Each structure stands twice: as structure tokens, then as C-alpha cells.
Amino acid sequence: MSLEIRTEDSGTGLQKVIPRGRLDTNTAPQLESVLDSLSPARVIVFDLNGLEYISSAGLRIIFKTKKATLAAGGKALMVNLQPQVKKVFDIVKALPSDSIFTSWDELDEYLDGIQRRIVDGE
Amino acid sequence: MEATIRIANRLPELSTLQKKLTALLKSAGASREFIDDVLLIAEELVTNTVSYGYEDEDEHHIEIDVSLLAGRWRFRFRDDAGAFNPLEAPPPDLEASDRPIGGLGIHLVRELSDLVSYERSEGSNILTVEIKA
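It should be emphasised that the depicted structure is a prediction, and the values quoted were computed from it without experimental measurement. (Residues numbered from 1 in each chain as written. Chains lettered and ligands numbered in written order. Predicted model: local features only at pLDDT ≥ 70, side-chain atom pairs only at ≥ 80, totals over all residues. Heavy atoms only, no water.)

Before going further, it helps to examine the environment of A:Arg60. All names here are of chain A. The topology assignment puts Arg60 in helix 2 (residues 56-72). Judged by relative accessible area, which is 30%, Arg60 ranks as partly exposed. Each C-alpha atom, one on Arg60 and one on Ser103, is 23 Å from the other, the two residues being 43 residues apart in sequence. (Helix = DSSP H or I, 4+ residues; strand = E, 2+ residues; numbered from the N terminus. Buried < 20%, exposed > 50% of the residue type's maximum accessible area, 1.4 Å probe, protein only.)

Spelled out as C-alpha cells, the structure:
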């Protein structure tokens, strides 16, 4: 019943957070302290491929991150939701569909789109 | 099938509870998905009680009676914390643009259960959750 968190920084504005295991009342503070070290002004992507379980304690951290990025001009996105996590997000109607992606391909396409809009000055 | 799990009112005890529930449900042939639903319900209810239920620093106990009867699982959470019926809490406004921080736990409990009821009896809060096996 534990949680491991890896982070990757692409240097181009994309910060990946990769939690593995179970995100519950007792492990949520670990994720919170990792997120406190990231910049909410950039894009934070949660790759949830290895996350088996989430409770409301985990949801709270993700909503908090979403709020902080929104206020700072960044973004919080999610990819590779596993069945239990997807079920919990569905029940709380957690996030607008443009925050959740089924694969990295889909997410990359979305990020490319944002990049293009920036380059084109839209 | 009938069993009782007893834990102290400390958050680290949650992992003891999760392990015991998992073993119990697994031995009864429950699926991983079902077990995770039950673990989530138990975590939300116990976290609430442990975090907000007690005004003193003393050790208290929370008991969870588990039974499987006629194709229905029943989980009875009993604690001696101050009288509190979580079912009276207003449902969170999930459509609000500013996401609510509270109320999500009990909302998950309701959504994952077939029946949830509360009673206050002899100084105890008793919350009963039933789920079809």
C-alpha cells in the first residue's frame, strides 16, 4: 500500500509527475510535497499509468494543483488513467475532458496544438 | 461469512484495515475492482472519523463488522466519536467551476454503495454500508 513518485523535467516547460502505487490518505502528503517543488506557471502532466488506486485525499491534491496552475498560467493534465482511478474521476465528474488524455500520442497532439497557436501568435 | 476488524483511531491504522479487508474479501472470491471499492469506502469513512471525530487525544477504537449474507456484503462501521451523521452533509456541487474540497469522500461512499444508513446508538455512531456481491 505504498506510493513512489518520479518526476521528469523536459526543460521545455513540461513537467512530468509519475506516481506508482496507491494514492491515499497516508501517501497523499508525499505527492503534495513533490508538487510544491514544481512551477504552477508551466505544464504539469500526471502520467497515471502506474497508479492503481486513488481516494478523495488524492483528488484533493490534484484539484489543488489544477487550481494553482490555472491561477499561474500553467496547466495540469492527466494521461493513462487506470480503471479504479478513471472510475473515481468519473464519479466526481472530476475534470473537463481537455485535461484528461487516454495516451501520450493524444496528449502530444494537444500540446503541439498549443505550441502552434503560440508560434502563430493567436 | 462474518468477521470483525478493530483498529485504533490513528491514520496509519488505515493500512492495517486495508490489508485485513483485502485478505477477507479475497478469500471470499471478490474481484480486484470490488475490493478497491470497499477499500475506498472504508478509507473515506475511517479518515473522516479519525480526523474530525474526536475532541480528545485519547486512544479510541473503530470496529468494522463485515458480513456476507444472501449475496450482499454488509460493512458496519462503529465508533465512539461525537455524534455525527455524514449522510446529512449536503452533496458537493460537482458542477461548480471552483471545485469543492470537502464532501467528495462521502459522495464516493454513496455512489459506490447500494445502501448507506446511519444510526446513533448507546454513544456510538453506526454507519452501515451494503453492496451487492
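Next up on the list: the side chain of B:Asn85. Within the element layout of this structure, B:Asn85 appears in the loop between strand 3 (72-79) and helix 3 (104-112). Looking at B:Asn85, its side chain comes within polar contact range of the main-chain nitrogen of B:Leu87, at 2.8 Å. (Polar contact = N/O pair within 3.5 Å; in protein donor to acceptor, adjacent residues only side chain to side chain.)

It is worth spelling out the pattern of salt bridges at this point. Considering all chains together, one arrives at 14 salt bridges over all chains under this definition. Residue A:Arg22 pairs with A:Glu52 through a salt bridge whose shortest N-O separation is 3.6 Å. Within this pair, whereas A:Arg22 is found in strand 2 (residues 14-23), its partner A:Glu52 is found in strand 4 (residues 51-54), the two being separated by 30 residues in sequence. Taking relative accessible area as the criterion, A:Glu52 reaches 46% and is therefore assigned partly exposed. Ionic pairing is found between B:Asp36 and B:Arg32, a salt bridge with its closest N-O pair at 3.0 Å. Of this pair, B:Asp36 and B:Arg32 both sit in helix 2 (residues 32-52), four residues apart, which is roughly one turn of that helix. You can call B:Arg32 partly exposed: its relative accessible area is 42%. Each of the salt bridges in this network shares a partner with another, and the network as a whole consists of A:Arg22, A:Glu52, B:Arg32 and B:Asp36. (Salt bridge = Lys/Arg side-chain N within 4 Å of Asp/Glu carboxyl O.)

As a further point, take unusual backbone geometry. Phi is positive for A:Asn80, which is not a glycine, with a value near 65°. One can find A:Asn80 in the loop between strand 5 (75-79) and helix 3 (83-91). A residue is classified by how much of its surface remains accessible, and A:Asn80, at 16% relative accessible area, is buried. Here the phi dihedral of B:Ala70 falls at roughly 50°; this positive angle occurs in a residue that is not glycine.

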